[in-house]
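Residues per chain, in single letters:
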Amino acid sequence: MRSVGVRIGVAAPASKNKEYNLIMAKKQTETISLIDTFSEFNDTKKIDNTTLLGVLEESFRSVIAKIFGSDENFTVVVNPEKGDFEITRSREIVADGEVEDENKQIALSEAQKIEPDFEVGEEVSEHIEFASFGRRAILTLRQTLASKILELEHDSLYNKYKDREGEIVSAEVYQTWKNETLLVDDEKNDLLLPKSQQIPRDFYHKGEHVRAVIDRVDNANGNPKIYLSRTSPMFLRRLLEQEIPEIADGVIILRGVARIPGERAKISVESYDSNIDPVGACVGVKGTRIHSIVRELKNENIDVVQYSSNAMLYIQRALNPARVSNIVLNEEEKKAEVFLQPDQVSLAIGKGGQNIKLASMLTGYTIDVFREVEGEQDVEDIYLDEFSDEIDQWVIDAVKAMGLRTAREVLNAPRDMIVEKADLEEDTVDHMLGVLRAEFEEGES
């Protein structure tokens, strides 16, 4: 069996040679421009040659299959470096009148016009000019190519970021909207920083570079979206690893990170090297090491706590600067009742409840604080349910859910803690405390 290569084109009448040449030149320019477009994409996105060739060939074959019904007998050779390509169609020679598929078969008489000594069963290879398919085919190829380029771009973006969650990136602010800020990386990929993941005092200008941690990578419907965060505890963790060599080297172990973004944070550290003070190493001389992180986090104050496997000691350190008198632990429920002198309660709770909230987040324990009163054990107490005629039952149930079941337990608990943990209005809590105080004042009189 032999095959002969024949270049197939469209014959032009002599009277219309000039017009024909202009049309063919235009079609050739349009087709070649597709290669140029893809080459530019390849340079920008750094797509490897194997992928490049595969996408180009697949795009051509897709268009050929639409025109001829099948691309099985076509050979497509693409040379992206030179910006050219070649399409060849192979057809089997059959006897006249027995052609069943004009795409895959050619009549003997037609084949012999190409070469007189062709015989039935042999194969004819034709070089096809893609421009001869017409303008619609070229537009279809362009659309197919654009679609596959977009898929490649999405795949490239997803593959770049899918395994980088938790890493810090620096990106340029491109545009700010009400609910999020659009940033671009050094390859002009879009990164999203939602408003909820921005520090309250963050304010960005176009062109400014911002550091954030990769929070998550979504790939719904093959359309990847990269979300960043500046409020995540992981962001603070990564900043500490960058700024403090001992943490990056593993000499100091970062045990826990708790944040109220833009306000305050607590971290716990330890070291197995007895010659290293983990707290001092993190803070630095006159706070030099921690200050750069504080500035990055818009003056978010950072407390550094030495970790301990002893839960009571860990909780005590986490509540610093308050001095704890006693702690009662419930290991199963991860709850801690902390008793302090009256002048230490406000320190334990902190401004807006920040200190106790961060201590709970850092240690993993639900912490309740109580005032320590001398001689309290000998004083009569009353269950809260006894006050249902003066205090709404739903209020009593909310307070009991905190673990406070008697009047004196409530009176010894900090007011702000009751407001926050029972989720009650301040007026409601003040009314309840007034009723309970009045009961004991009447008993004393």
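Residues numbered from 1 in each chain as written. Predicted model: local features only at pLDDT ≥ 70, side-chain atom pairs only at ≥ 80, totals over all residues. Heavy atoms only, no water.

**Student:** Can you tell me about the overall build of the protein chain, naming the residues and giving the values?
**Tutor:** Across its full length, the protein chain carries 15 helices and 16 strands. When burial is assessed residue by residue, the protein chain has 42% of its 445 residues classed as buried. In the protein chain, the proportion of contacts linking residues at least 24 apart, taken out of those at least 6 apart, comes to 60%. Just so you have it, the protein chain exposes about 24,700 Å², and 46% of that area is on carbon and sulfur atoms. (Helix = DSSP H or I, 4+ residues; strand = E, 2+ residues; numbered from the N terminus. Buried < 20%, exposed > 50% of the residue type's maximum accessible area, 1.4 Å probe, protein only. Contact = heavy atoms within 4.5 Å. Areas by Shrake-Rupley, 256 points an atom, 1.4 Å probe, with all protein chains shown as cover.)

**Student:** Now, about a negative patch on the surface: what can you tell me, with residues and values included?
**Tutor:** Taken together, the side chains of Glu337, Glu380, Asp381, Asp389, Glu390, Glu409 and Glu439 define an acidic patch exposed on the protein surface. Summarising the element assignment, Asp389 is placed in the loop between strand S16 (366-371) and helix H12 (393-400). Judged by its relative accessible area of 65%, Asp389 is exposed. (Patch = residues over 30% accessible without salt bridge, like charges linked within 9 Å, V, L, I, M, F, W, Y side chains within 5 Å. Salt bridge = Lys/Arg side-chain N within 4 Å of Asp/Glu carboxyl O. Lys, Arg positive; Asp, Glu negative; His and termini not counted. Charge placed at Lys NZ, Arg CZ, Asp CG, Glu CD.)

**Student:** Break down the packing of aromatic side chains for me, with residues and values.
**Tutor:** Under the definition given, this model contains 3 aromatic pairs. Each ring, one from Phe68 and one from Phe74, has its centre 5.1 Å from the other, and the planes form 40 degrees; the classification is tilted. The class for Phe74 is buried, based on a relative accessible area of 2%. Over the face of the ring belonging to Tyr227 we find Arg216, whose NZ or CZ atom lies 3.9 Å from the ring centre. Positioned over the ring face of Tyr307 is Arg255, at 5.2 Å from the centre of the ring. (Phe/Tyr/Trp six-rings, centres within 6.5 Å; stacked < 30°, edge-to-face > 60°. Lys NZ or Arg CZ within 6 Å of the ring centre and 35° of its normal.)

**Student:** Which residues make up the packing of helix H10 (residues 342-349) against helix H11 (residues 354-363), and what values do they have?
**Tutor:** Packing of H10 against H11 leaves a shortest axis separation of 5 Å and a crossing angle of 65 degrees. The pairing of H10 with H11 is recorded here as roughly perpendicular in orientation. For the pair H10 and H11, contact is made by Leu347, Ala348 and Ile349 and by Gln354, Asn355 and Ile356, respectively. A breakdown of the residues in the contact of H10 with H11 according to their chemical character gives 4 nonpolar, 2 polar and no charged. (Axes fitted to C-alpha atoms, helices over the stretch in contact; angles between N-to-C directions. Parallel < 35°, antiparallel > 145°, perpendicular 65-115°, else oblique. Nonpolar A, V, L, I, M, F, W, Y, C, P; charged D, E, K, R; others polar.)

**Student:** Talk me through the nonpolar core; I want residue IDs and the actual numbers.
**Tutor:** Counting residues in hydrophobic clusters, the biggest one holds 49 residues, and the most contacted among them are Val338, Ile367, Val369, Val410, Ile418 and Met432. Ranked by residue count, the leading element in this core is helix H15 (residues 426-444), at 6 residues. Filtering out sequence-adjacent residues up to four positions away, Met432 remains in contact with Ile391, Val395, Val399, Val410 and Ile418. Counting 23 residues, the second-largest nonpolar core is a separate cluster that includes Leu236, Ile247, Ala265 and Val269. (Core = buried A, V, L, I, M, F, W, Y, C linked by side-chain atoms within 4.5 Å.)

**Student:** Please give an account of the sheet that holds strand S11 (residues 252-260) that cites residues and values.
**Tutor:** Ordered by their spatial adjacency, 3 strands build an open sheet running S11-S12-S13, and the pairing between neighbours is mixed. Of all strands in the sheet, those with a lone pairing partner are S11 and strand S13 (301-306), marking the two edges. Taken over all neighbouring pairs, the strand axes of this sheet differ in orientation by 20 degrees on average, direction set aside. Bridge count for S11 against strand S12 (residues 264-271) is 8 bridges, and the pairing is antiparallel. Its bridge partner lying in S12, Leu254 is registered against Val269. Strand contacts of helix H5 (residues 233-243): S11, S12 and S13, with the helix running at about 140 degrees to S11, the strand carrying the most contacts. Across the sheet, helix H9 (residues 311-318) is in contact with S12 and S13; its angle to S13 comes to roughly 155 degrees. (Pairing = 2+ DSSP bridges.)

**Student:** Can you explain the pairing of S12? Please cite residues and give values.
**Tutor:** Most of S12 is tucked away: 8 of the 8 residues are buried. Residues Arg264, Lys266, Ser268 and Glu270 line one face of S12 and the alternating positions Ala265, Ile267, Val269 and Ser271 line the opposite face, and both faces are buried. In sequence, S11 turns back onto S12 through a hairpin of 3 residues, with Gly262 there showing a positive phi of about 80 degrees. Judged from the 6 bridges that link them, S12 and S13 form a sheet pairing that is parallel. From the neighbouring strand, Ala265 faces S13, where its bridge partner is Ile302.

**Student:** Describe in detail the sheet that holds S16, supporting the description with residues and values.
**Tutor:** One open sheet accounts for 3 strands, arranged S14-S15-S16; its pairing is mixed. The open sheet has two edge strands with one neighbour each: strand S14 (326-330) and S16. Between one strand and the next, the sheet's axes are offset by a mean angle of 20 degrees, whatever the strand orientation. Against the sheet, H9 engages S14, strand S15 (335-340) and S16, with an angle of about 125 degrees to S14. Those strands touched by H10 are S15 and S16, and its axis lies near 155 degrees from that of S16.

**Student:** Describe in detail the pattern of salt bridges, supporting the description with residues and values.
**Tutor:** Going through the model one piece at a time under the given rule, you end up with 27 salt bridges. Several salt bridges share partner residues, and in doing so they unite Lys160, Asp185, Asp186 and Glu187 into one network.

**Student:** Pulling in residues and values, what's your account of the confidence of the model for the protein chain?
**Tutor:** When pLDDT is averaged across the protein chain, the result is 83; 86% of the residues are at 70 or more. For the stretch residues 3-32, pLDDT sits under 50, and the model shows 36 contacts to residues farther than four places along the chain or on other chains. (pLDDT = per-residue confidence, 0-100.)

**Student:** For the pairing of S14, give the residues involved together with the corresponding values.
**Tutor:** As paired elements, S14 and S15 share 5 bridges and run antiparallel to each other. Its bridge partner lying in S15, Val328 is registered against Glu337. Connecting S14 to the antiparallel partner S15 that follows it, the hairpin turn spans 4 residues, and Lys334 within it adopts a positive phi of roughly 55 degrees.

**Student:** Outline the environment of Leu228, supporting the account with residue identities and numerical values.
**Tutor:** Mapped onto the elements, Leu228 comes out in strand S10 (residues 225-229). The buried category is assigned to Leu228, whose relative accessible area is 2%. Separated by 31 residues in the primary sequence, Leu228 and Gln197 place their C-alpha atoms 7.4 Å from one another. Those residues in contact with Leu228 that sit more than four places away from it in its chain are Val169, Leu183, Leu191, Leu192, Leu193, Pro194, Gln197, Ala212, Val213, Ile214 and Asp215.

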